[in-house]
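Structure at a glance
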Amino acid sequence: MLPMYRLASLLGCAALLSACSSPNRPPADANNNSVNTPPAATAPKSTDNNALANHLPPAAGHTPATRRAAMQRFGIELAKTRNLSEPAVLALLNDARYNEAVIRIVTPPAVGQPRAPRSWKQYRGRFVEPIRINQGRAFMEQYSSELKRASERYGVPENIIAAIIGVETLYGRSQGNFRALDALASLAFDYPDPKRPDRAELFRNQLADLIELDLTGRIDARTIKASYAGAIGIPQFMPGSIKRFAVSASGTTQINLSGSVPDAIMSVANFLVEHGWQRGLPVFAPVTLPASASKLVDGGLKPTLDWPQLRAAGARLAPGAAEGPWMRSALGVIDLPEESAGTVELRTATQNFFTITQYNRSYFYAASVADLAAELGKP
């Protein structure tokens, strides 16, 4: 059985979020198992979300009448479980429009259709390139005080925060062209793969969160734009992540991830800390791996090794590298393949690398963020 991160994602967009040049289409990276911005995909499911899902028929195969009936049952249950106005909930759902383009994007390929070989070089080249590097340096200069404040508060380096925003939306310039309400309703009630009821459930959960955010005054669900998968704003947060991890730079109750770069910066840092970021730890350890290191790759999203184990397997401190706190941290060996050439790049990752994969469940994505951050951090 293939590791989870190797399964071809139907929704992955580096923006999962959105590790792609445009938040409106998935990347050519099978090493991606996220949903356009992973915050939503990885956020814990609340009991009220699960209760809502249990009241619905399968999302695929609806007629317009059964779809509308399912949406009404969903709305009634949502209003009840979250103490929201039932007429207001149903009015929002009534405004949701089926979006054929969204469904077309996530429709799985025909059976037997070969997938493109994974290419780390090609994937990396979309993000670690002159335009994104130059614009990233300008972004860091323009928002230097905001980045410094977030870094001091959360312990996440300024260049890591900037790199995530750069990969997700080109520093806020490409936030998506779909109405969030339409995208999420389409995926919640018309998900095109009947073999993936979990995906339909995930999007129903996110639709529920979007409606709650609207009715509590935090988002205008009728107007806010998003990626095809419903990821919102400069950092491409799904509605569930906006609820759980978005923070205001000014300390107010109003958070604007679509228009406020300071809010986006603080929210990215908070998300990473909430998912395990460790202050002062590098993303990669300065290690020279043995020729047999491929067998140490388990394909998971958590580090399962440590320095004594790697050293026993033949790993050594890289020439000129200094010892550091990473030696006392959990570690993992990750692979970045070039399948058409039959080659692979191996790296030793720390907990902080795996934390980035909680933003988008892809080794390619997390390594691209780290490499772009390294470029942005150069003098």
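Within any chain, residue numbers begin from 1 and follow the written order of that chain's sequence. In view of the model being predicted, local features appear only for residues whose pLDDT reaches at least 70, and side-chain atom pairs are presented and counted only at 80 or more, with totals across whole chains, interfaces and linings using the full set of residues. To get the side-chain values, all heavy atoms of the structure are used, and hydrogens and water are removed first.

Let us now look at the overall build of the chain. Think of it this way: any DSSP run of H or I at least four residues long counts as a helix, any run of E at least two long counts as a strand, and we number them from the N terminus. Helix and strand content of the chain: 16 helices and six strands. The cut-offs for exposure are 20% and 50% of the maximum accessible area for each residue type, with area from a 1.4 Å probe on protein chains only; residues under the lower value are buried, those over the upper are exposed, and the others partly exposed. For the chain, the residues scored as buried account for 58% of the 379 residues in total. Method for areas: the Shrake-Rupley scheme with a 1.4 Å probe, in which residue coverage is limited to the protein chains shown. Accessible surface computed for the chain: about 15600 Å², of which carbon and sulfur atoms make up 53%.

Attention shifts here to empty space enclosed by the protein. Over the atoms a probe the size of a water molecule is rolled, and this reveals where empty space is left. Here a cavity denotes grid points, spaced 1 Å and computed from the protein atoms alone, that fit a 1.4 Å probe unable to get out, and a pocket denotes an open set having protein on both sides within 12 Å along at least 5 of 7 lines; residues with an atom within 4 Å of a point are the lining. Grid points are joined across faces, edges and corners, and a volume is the space filled by probe spheres set on the points. Size it by volume and the largest cavity reaches roughly 40 Å³. As for the largest cavity, its lining consists of 13 residues, of which D298, T304, G332, V333 and F354 are closest to the centre. Per-element tally for the lining of the largest cavity: the top contributor is strand β5 (residues 331-338), with three residues. We call Asp, Glu, Lys and Arg charged. Ala, Val, Leu, Ile, Met, Phe, Trp, Tyr, Cys and Pro are nonpolar, and the rest, Gly among them, are polar. Residue composition of the lining of the largest cavity, by class: eight nonpolar, three polar and two charged.

Interpretation of this model should avoid reading the predicted coordinates in detail wherever pLDDT is low. As a per-residue measure, pLDDT reflects the predictor's confidence and takes values from 0 up to 100. Per-residue pLDDT for the chain averages 87, and the proportion of residues at 70 or more is 84%. Of the regions scoring below 50 in pLDDT, residues 1-49 engages in 199 contacts with residues more than four places distant in sequence or in other chains. Contact between two residues is taken to exist if any of their heavy atoms lie within 4.5 Å; hydrogens are not considered.

Of note, L170 is a non-glycine position whose phi angle comes to about 50°, a positive value. Positionally, L170 belongs in the loop between α9 (158-169) and β1 (178-179). With a phi angle near 60°, Y171 is a residue other than glycine that sits in the positive phi range.

Core analysis: the biggest nonpolar cluster contains 98 residues, and F139, I161, F203, L207, I265, L272 and F353 have the highest contact counts within it. Setting aside residues up to four positions removed in sequence, F353 forms contacts with V283, F284, I334, Y363, A366 and A367. What we call a nonpolar core is a set of buried Ala, Val, Leu, Ile, Met, Phe, Trp, Tyr and Cys residues that are connected through their side-chain atoms within 4.5 Å.

Take the pairing of β5 next. Of all the eight residues making up β5, eight are buried; the element is thus mostly covered by neighbouring parts of the structure. Where burial is concerned, the two faces of β5 agree: the one with L331, V333, D335 and P337 and the one with G332, I334, L336 and E338 are both buried. Relative to strand β6 (residues 343-350), β5 runs antiparallel, the two being bridged by eight bridges. Bridge pairing in β6 places D335 opposite L346. Pairing between two strands requires that DSSP report at least two bridges joining them.

Right, let's talk about the pattern of salt bridges for a bit. Criterion for a salt bridge: a side-chain nitrogen of Lys or Arg within 4 Å of a carboxyl oxygen of Asp or Glu. Taken as a whole and judged by the stated rule, the model has 16 salt bridges. One salt bridge in this structure joins R132 and E129, with 3.6 Å as the shortest N-O distance. Residue R132 is classed as buried on the basis of its relative accessible area of 6%. For the salt bridge of K243 with D209, the shortest nitrogen-to-oxygen distance reads 3.5 Å. Of this pair, K243 sits in helix α12 (residues 239-245) while D209 sits in helix α11 (residues 197-215), placing them 34 residues apart in sequence. Residue K243 is classed as partly exposed on the basis of its relative accessible area, which comes to 28%.

What follows covers the packing of helix α7 (residues 130-142) against α9. Every angle, taken between N-to-C directions, lies between 0 and 180 degrees, and every axis is a line fitted to C-alpha atoms, over only the stretch in contact when it is a helix. For the pair α7 and α9, interaxial distance at closest approach is 10 Å and the crossing angle is 125°. Considered as vectors, α7 and α9 are oriented oblique to each other. Every pair of crossing elements has a handedness; the one defined by α7 and α9 is right-handed. For the pair α7 and α9, contact is made by R132, F139 and M140 and by E158, N159, A162, I165, G166 and V167, respectively. Of the residues contributing to the contact of α7 with α9, the split by class is five nonpolar, two polar and two charged. Roughly parallel means an angle under 35 degrees; roughly antiparallel means over 145; roughly perpendicular covers 65 to 115; every other angle is labelled oblique. For a crossing to be left-handed, the near helix must be turned anticlockwise from the far one by less than a right angle; the clockwise case is right-handed.

Let us now look at the packing of aromatic side chains. Two aromatic rings from Phe, Tyr or Trp, using only the six-membered ring of Trp, form a pair when their centres are within 6.5 Å; if the ring planes differ by under 30 degrees the pair is stacked, by over 60 it is edge-to-face, and anything between is tilted. Applying the stated criterion to the full structure yields 17 aromatic pairs. Between W307 and W326, the aromatic rings sit 5.2 Å apart at their centres with planes inclined by 75°, giving edge-to-face as the arrangement. Of this pair, W307 sits in helix α14 (residues 307-312) while W326 is found in the loop between β4 (316-317) and β5, placing the two residues 19 residues apart along the sequence. Comparing W307 with W326, the two get one shared label, buried. The interplanar angle of 85° and the centroid separation of 5.4 Å between the aromatic rings of F353 and F354 together place this pair among those described as edge-to-face. Assessed through its relative accessible area of 3%, F354 is described here as buried. One aromatic cluster in this structure is built from F237, F245, F271, Y359 and Y365. The ring of Y123 is capped by R126, whose NZ or CZ atom sits 4.8 Å from the centre of that ring. Looking at R347, its charged tip hangs above the ring of F284, at a distance of 4.8 Å from the centre. By definition, being over a ring means that NZ of Lys or CZ of Arg is both within 6 Å of the ring centre and within 35 degrees of the ring normal.

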